[in-house]
Amino acid sequence: MSDKPKEITRLADYTPPAHLVETIHLDVHLDETETLVASRMTLRRNPDAPTNQRAVRLDGRELELVEIRLDGAPLSTAGYTLDSEHLTLPDAPERFTLEITTRIHPETNLSLEGLYRSRGLFCTQCEAEGFRKITFYPDRPDVMARFTVRLEAERVRYPVLLSNGNLIESGALENGRHFALWEDPHPKPAYLFALVAGNLSCHEGPFTTASGRPVTLQIWVEPENAERCAHALASLEKSMRWDEERFGREYDLDRYMIVAVNDFNSGAMENKGLNIFNAVYVLADPETATDSNYEDIESVIAHEYFHNWTGNRITCRDWFQLSLKEGLTIFRDQEFSADVGSRPVERIRDVQSLRAFQFPEDAGPTAHPVRPDSYMEINNFYTTTVYNKGAEVVRMLLTLLGKETFRRGMDLYFARHDGQAVTVEAFLDAMQTASGQDLGPFSRWYRQAGTPELTIRQQHDPDAEVLEITVMQQCRAHGQSEAGEPLVIPLAMALLDRDTRAPLPLILEGESPENAPLERVLEVTRPVVTYRFKNIPRPPLASLLRGFSAPVKLNSPLSNDDLALAWGADNDPFNRWDAGQQLAMRILVEGARALPDHPFATPDSFVAAFAATLTSPDLDPAMKSLAITLPGIGVLIEAMPEADPGALFTVRESLRRRLAHDCRDTLLALHAANLTPGPYRVSGEAIGKRTLKNFMLGLLLADPDNDLAARMAADQVRQADNMTDRMGGLVPLVHTGRPEAEELLAAMEHRWRDNPLAMDKWFSIQAMAPLPDTLARVQRLMSHPAYNPRNPNRIRALVGTYCRGNLVCFHDPSGSGYRFLTELIRDLDPHNPQIAANLVGALTRWRQFEPRRREAMRQAIDTIVTLPGLSRNSYEIASKSLA
Ligand code: B3K
Ligand code: ZN
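Treat the numbers as computed from the prediction; the structure is a model and nothing was measured.

Cut-off values and rules
Residues numbered from 1 in each chain as written. Chains lettered and ligands numbered in written order. Predicted model: local features only at pLDDT ≥ 70, side-chain atom pairs only at ≥ 80, totals over all residues. Heavy atoms only, no water. Donors = N, O, S within 2.8 Å, 3.2 Å for Na, K, Ca; no water. Helix = DSSP H or I, 4+ residues; strand = E, 2+ residues; numbered from the N terminus. Buried < 20%, exposed > 50% of the residue type's maximum accessible area, 1.4 Å probe, protein only. Pairing = 2+ DSSP bridges. Contact = heavy atoms within 4.5 Å. Axes fitted to C-alpha atoms, helices over the stretch in contact; angles between N-to-C directions. 1 Å grid on protein atoms, 1.4 Å probe; cavity = no way out; pocket = protein on both sides within 12 Å on 5 of 7 lines; lining within 4 Å. Points joined across faces, edges and corners; volume = space filled by probe spheres on them. Nonpolar A, V, L, I, M, F, W, Y, C, P; charged D, E, K, R; others polar. Near = heavy atom within 4 Å. Polar contact = N/O pair within 3.5 Å; in protein donor to acceptor, adjacent residues only side chain to side chain. Areas by Shrake-Rupley, 256 points an atom, 1.4 Å probe, with all protein chains shown as cover.

Colleague: How would you explain the coordination of the zinc ion (ligand 2) if you had to name every residue and give the values?
Modeller: Of the protein atoms, only His303 (NE2), His307 (NE2) and Glu326 (OE) coordinate the zinc ion (ligand 2), at distances of 1.9 to 2.1 Å. Mapped onto the sequence, the donors of the zinc ion (ligand 2) take the spacing H-x3-H-x18-E. Placement of the pair is His303 in helix α2 (residues 291-306) and Glu326 in helix α3 (residues 322-340), with a sequence separation of 23 residues. Neither His303 nor Glu326 differs from the other in exposure class; each is buried.

This is the structure in C-alpha cells:
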C-alpha cells in the first residue's frame, strides 16, 4: 500500500457541497477480476453553496477510469484532472449529465470496503467512504440522490442479484448472463448503497405495517445455512412492531432484505432496504449458537432496522455527526432490548460494557468528544464513545425531560427533518422546542471529551434531622491540565432507611413534606452543589446515581460495610448490582497493590455478603448471575494506578478460589436448581437459568481440588444438545488447564471443522485461556486449516481474543504479547487497515501500566508507527497514543 496523505479533516472547515446529484443510474457488469461500473448522474450546482463553483470535484480511490462524458460528449484527458483521491472537471454548466465508466477488481479487494468478494458472493460495504472505491462520486452524506441500479452477471454462479429498493425488472441475457433492475424511491447518501450477487437462498415472511402496508421480509443466506434463519426473521418482525409501538415509525418499502456474508469488517450495515450482515449476527441454531449469540442477533437486527429512521430517512450532514445516528440508534436498540426482555439486566450489561470499553477510551490518548472535532481516518471513529456514550447522552435527555416530552421531541425531529442530512443541533433543537428547556448547557456533552468524576460527601446532623449531600464534578480529559466546563448531570437518588430498607421521603429545604417523592433526579449543573434534605432523623443509606443516570465515575461516600449492605438491600436493581461491583473492586485493587509483600487474604465479610447474595430469594437467575459476577481484569486495570494485570489476576483468582471453596454446597445446589430439562428454548427465563447454572460450574472449577465439578463439566459438554451448555462446561475446563480439556477440544474440532462460526468459538476458548502456553498455542492455531488470516471473524476469534480479551497473557511482563501484535500488524495492515487499526488499539493505554510493561508497550507502538507504508488508520491510532 502506498503512503496515503495523512491529512486531518476538521468539523470547523465544513462547507456545503458545491454540486448536488439528483439521480444516479449505475450499470454494474459483475466479474471477479474486471468489474465494469458505468454511472450516469444528473448534477446541478448547489444553490446553498457559499461560492458559485464551476469546478466539479468527485471522490475516487483505486479506480481505473475507462471513459467519461459530459452531457454526452466524451472528455479527453485535457478535460479533467485525476489524482489518487479525486477526479476534477475544471468547468461545468449549471446542470449537466456525467457518464463515467470505471473498472474495478473485487477479487483483490481485501480491505472489505467498496465492492469485494466473500466466498462465492459479491457484496459491498460503503460506509463511511467505500462508494468512492466503486465509482467517482461526491462521496459525502449530505449529497442525497435517487438511485437506480442495473446488475448484470453470469447466471449460474450468481443467480441472485440484489440492490436497494424495489425490483423493477429482471431477465436472461445472452452468453449465460442475466440482469436485474432495482429502483430506490428514497433519495439517499452513497454510503447506504449496496449490492449483492451470488447463490443465495431466501427465508421469508410477510409483515403488515400498522397502517396496513404489506412488506416482504427476506433473509438471504448461503443454501447450506437455510435452516439457521428463523431467529433472525423473528427478531426483525419484533423490531418492526416495536418501532411502530414505541416511536410510531413504520417501514417504507415493499421489501426488507438482510444478507449474511462471511467476510465483514463490522457487525452489520443498514443499507437502505438491503442490510448486509456479518453472518454471526444472522445465523443461529441451538447446536452452533450460544444464548448470547441469539441475544446479539436480536439486538443487531433491531439496531440496523431502527437506522431506517434514525440514519437513513434522517441522515448525517457530515461524519462528525456520526453519533446523531449511532448514539441515537444504540439508545433505541437498548430500549428495545429492555422492553422485550429484562430492563434491569439490559441496563447493567450496557453499563458493564460502557465501563469496560468506553471509560478507558475516554481516559486515554485517543479520547474524543461524542462529536469529534477532527479526524485523520473516519473509520477510526466508529468508537464506543460515539456509539455508547452517545447513547448515554440521549438517555440523559430522556431522564431530564421525561418519557412523554422526549417522545414529542422525537416526533418533532422526524417531522422536521425527514429526508434531510442534519447535525446534532437539529436533534437538540427538536428536544428543546418540545420541552421548552434551554439545552445549551446540556449540549456540552457532545463537545467535551473525558469521563466526568463526581465526588459526593454526606453529612448528617441528628439534631436538625438534616442530611447534607455535597456533589462535586470534575471533567478532565487525557492530556488536559485544565478541567473542562461543568456539565448538566442528572443524578437520580434515594435515601433508604438502614433498618427497614424503605425509601424515605425526599424533602429539600424550603419544600413542603406533602407528596414528597421517594426518588428524585437532581440536576447538577455547577462544579459544587450542596443539597439539604430534612426530616431525616437517622443516617440513611444513600442510593446515588440510580440506574446509572449519567455516564460518570462516582466516588461514592459509602463505606465497605454500607456497600455490603446495599449489595443486599438497595431497591434500585442497578445500584444493588453496582454496590457489589464497587466493593469487589476496592478489595481486589487494594489486594493487588499490596502484593507481593502482603499475600492476599479474602475478607470474611466479603464471603458472607457474597453468600447472602447467592441465596437471596428476590433475585431472578439472570440478575443473580450479574450480582455475583466479579469485575473483569479490564475494569480493574483502569482502577489500579501503575496497573499490574498479573497481580490483579492472582488476587481475583484467589478470591474466586475462596468463594468456590466456602460456598461449595450452595453453588452445587444452585446448579441443580437451574437445570433446564427438555429441548433447548430461547426465552429470557431459560437463558437466565442456563447462565446461572453455567456460572456455578465455572466458579466451582476455580477450586483446583474440586474434581467432582470437573467431572460434571465434562459430562455436560458430552451430553449437551446445545452450544451454550457445551461452552459452559468447556470454557472453565480449558481455562483451568484440566486434563479433560484436550480431549473435549479435539472432539469439538472434529465435529465442527466445517462450520466457521462454531470454529470461531473453538479458537477463542483457547486464545482466552489464562495459561502460560497460550501464546504458543495461538501461534500454532494460526496455521490451522480452519483459520484464515484475512477473515475478520477468524482474526477476532483468535488473535483478537488474545490481544484484546486475554489481558493477563497479552500483558505478559516479558513483552511477548506486544511483539506478537507488532508482527500481526506488519502482516495485516497492508490488506485490511480497519481491522489492523482496531488491534493497534490494544496498546494505546500504555501509560496506565507499571514501568516494565509500559516501556515494552511504548516500544511496540514506536515500531508500528514507523512501519513503511503504514495505513492512515493504524498511523492515526499509533501516533495519537504517543502524543
Ligand atoms: N453503520 C454501520 C457501521 C459502519 C462501519 C464503518 N466502518 C453499522 C451500524 O452501526 O449500524
Ligand atoms: Zn449503527
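Colleague: Tell me about the sheet that holds strand β20 (residues 268-269), residues and numbers included.
Modeller: Reading across from one edge, β17-β18-β19-β21-β20 is the order of the five strands in this open sheet, with mixed pairing throughout. Only two strands of the sheet have a single partner each, and these edge strands are β17 (201-208) and β20. Contacting β19 (255-261), β20 and β21 (274-278), α2 crosses the sheet at an angle of about 150 degrees to β21.

Colleague: Report on empty space enclosed by the protein, specifying residues and quantitative values.
Modeller: Considering all chains together, one arrives at three cavities of 30 Å³ or more under this definition. Roughly 50 Å³ of volume is contained in the largest cavity. Around the largest cavity, the lining residues are Ser323, Leu324, Gly327, Leu328, Gly390, Val394, Phe427 and Tyr446. Of all the elements in the fold, those that place two or more residues in the lining of the largest cavity are α3 and α5 (384-401). Sorting elements by how many residues they give to the lining of the largest cavity places α3 first, with four residues. In terms of residue class, the lining of the largest cavity is made up of five nonpolar, three polar and no charged.

Colleague: How would you summarise the layout of surface pockets if you had to cite specific residues and measurements?
Modeller: If you add up the space inside the second largest pocket, you get close to 1100 Å³. Contributing to the lining of the second largest pocket are 41 residues, with Thr9, Arg57, Asp59, His86 and Arg140 lying nearest its centre. Going through the elements one at a time, β1 (9-10) and β4 (56-59) are the ones with two or more residues in the lining of the second largest pocket. Broken down by element, the residue count for the lining of the second largest pocket peaks at four residues, all from β4. Split into classes, the residues belonging to the lining of the second largest pocket amount to 19 nonpolar, six polar and 16 charged.

Colleague: Can you tell me about the site of ligand 1, naming the residues and giving the values?
Modeller: Residues in close proximity to ligand 1 total 13 residues, the closest being Glu127, Glu270, Glu304, Asn379 and Tyr387. Between a nitrogen atom of ligand 1 and a side-chain N or O atom of Glu127, the distance comes to 2.6 Å. Contacts to ligand 1 include Tyr387, whose side-chain N or O atom sits 2.5 Å from an oxygen atom. Burial of ligand 1 by the protein amounts to 92% of the accessible area it has alone, namely 340 Å². Counting residues per element, the ones that place at least two in the shell around ligand 1 are β20, α2 and α3. Partitioning the shell around ligand 1 into residue classes produces four nonpolar, four polar and five charged.

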